[in-house]
Structures are given as structure tokens and as C-alpha cells.
Amino acid sequence: MSASPVARHPRIAELALALGAFAIGTTEFVIMGLMPNIAADFNVSSQQVGYAISAYAMGVVVGAPLISALGARLPRRGLLIGLMLLFAVSNVASLLAPSLTSFAALRFIAGLPHGVYLGVAALVAADAAPAGERGRAVGRVMMGLTVAILIGAPAATWFGSLFGWHSAFLVVGLLALATA
């Protein structure tokens, strides 16, 4: 039996997993900087756009235990790919939303994979690393989330301000697709 691709190239796997964490962190926080733009497009107040932020958070809360229970027996690689595909599709669909209600619903769906992805990514990184490197491997994967908060969300906000808020969600969707 040959080694899995993850075991043969753990740093490449860590990079892919970190890219997914980066996409998740970016989409979670970029909306805050784009609230006025989104509000103007949907002809609502910025405060009402806050419901889309809450919808994403509710998706995280619902998705983590539900998807964890449903996906517990699935192969981790397949689960991670499926989570990133759901995340990618819901982010790209967000930019096509005709109303704030549909946008918030799509943000809920985008939040579903969040917690499970990060947890499974950490497990995969730890399993692929040598025994003495497991903590560092998990740290490198979670660095994607940290970099998203420090660089990804501000850069996506800037990009979305220049090219329209839709472009920020498109870029995140493409990053998620690349991760998958």
C-alpha cells in the first residue's frame, strides 16, 4: 500500500488547507467593511446588512455540530473537498443574490462549512506531520485564518470598494475552489 498524497507532501497539504482557512477568514470579516456598499445595492440600511453577518454566524453554529455528525464516517479528504465546494458555491451565489433576504440565506449556507472545515483541516495537518511537528503543522494551517484577518479581509474590502462588493465574494469563491 502506498502512502497517501498528504503523507508524501505534508507542506503542500498544509498550504492548501491554510488557503481554505484564509478564504474562510476573509469571507467572515470582509462583509463588515463592505456594509455600506451592500446596503446601497439592496436599498437597505447598513444595520440591516448586519443580518447577513448574523446569518453567517448562525450557519457556523448550526453547521459545526450537524456536519460533524453527518460527516464523521466520511473520508477526511472528501469531506474537506465537499466543504470547500459548498463554501465556494455559496460565496459565488452570494454575489448573484437579488435581495438582502436571499443574500443573508446564502451567507448562512456559506457559514455551514466554517467550523467543520477548520477542525478537520487541523486533524489532517496533524495526521500528516511527524509526531514532533504536529502542533506546528496545525499552527501553519491556522495561520491562514490569522493572515485573513490581518491582510485578507482588509485587502478584499479595498478590492470590493474599488470593483464592487460582488468582486470580493467572487475572489473568495475562487480561492475556495482552488482549495478544493
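To keep things clear, this report deals only with the structure shown in the data block. Throughout this document, residue positions are counted from 1 along each chain, in the order its sequence is written. Residues qualify for local features only when their pLDDT is at least 70, as the model is predicted, and side-chain atom pairs are given and counted only at 80 or more; totals for whole chains, interfaces and linings, by contrast, use all residues. Water and hydrogen atoms were dropped before computing side-chain values, which therefore reflect all heavy atoms in the structure.

## Brief notes about the side chain of Glu-14
Alright, step 1. A helix here means a DSSP run of H or I that spans at least four residues, while a strand means a run of E at least two residues long, and both kinds are numbered starting from the N terminus. On the secondary structure map, Glu-14 appears in helix H2 (residues 10–33).
Alright, step 2. A relative accessible area of 4% means that Glu-14 is categorised as buried.
Alright, step 3. For Glu-14, the residues in contact, after removing those within four places along its chain, are Ala-137, Arg-140 and Val-141. Each residue is assigned to one of three classes by its accessible area relative to the maximum for its type, calculated with a 1.4 Å probe on protein chains only: buried under 20%, partly exposed between the two thresholds, exposed over 50%. Between two residues, a contact is recorded if the distance between any of their heavy atoms is within 4.5 Å.

## Examining the packing of aromatic side chains
Alright, step 1. Here the aromatic set is Phe, Tyr and Trp, taking the six-membered ring for Trp, and pairing holds for ring centres within 6.5 Å; pairs whose planes are under 30 degrees apart are stacked, those over 60 apart are edge-to-face, and all others are tilted. All told, the structure shown has six aromatic pairs when counted by the stated rule.
Alright, step 2. Measuring from centroid to centroid gives 5.7 Å for Phe-42 and Phe-103, while their planes differ by 45 degrees, and the two rings are tilted. Taken together, the residues span a long stretch of sequence, with Phe-42 in helix H3 (residues 35–42) and Phe-103 in helix H6 (residues 100–111) at a distance of 61 residues.
Alright, step 3. Residue class for Phe-42 comes out buried when judged on its relative accessible area of 14%.

## Re H3
Alright, step 1. By the burial criterion, the buried members of H3 are Met-35, Ile-38, Ala-39 and Phe-42. Looking straight down H3, one finds that the buried residues subtend no more than 100 degrees of arc, so they occupy a single side.
Alright, step 2. Of the surrounding elements, those touching the buried residues of H3 are H2, helix H4 (46–71), H6 and helix H9 (165–179).
Alright, step 3. Phi for Asn-43, located one or two positions after H3, is positive at around 55 degrees. Here the arc refers to the set of directions running from the helix axis out to each C-beta atom.

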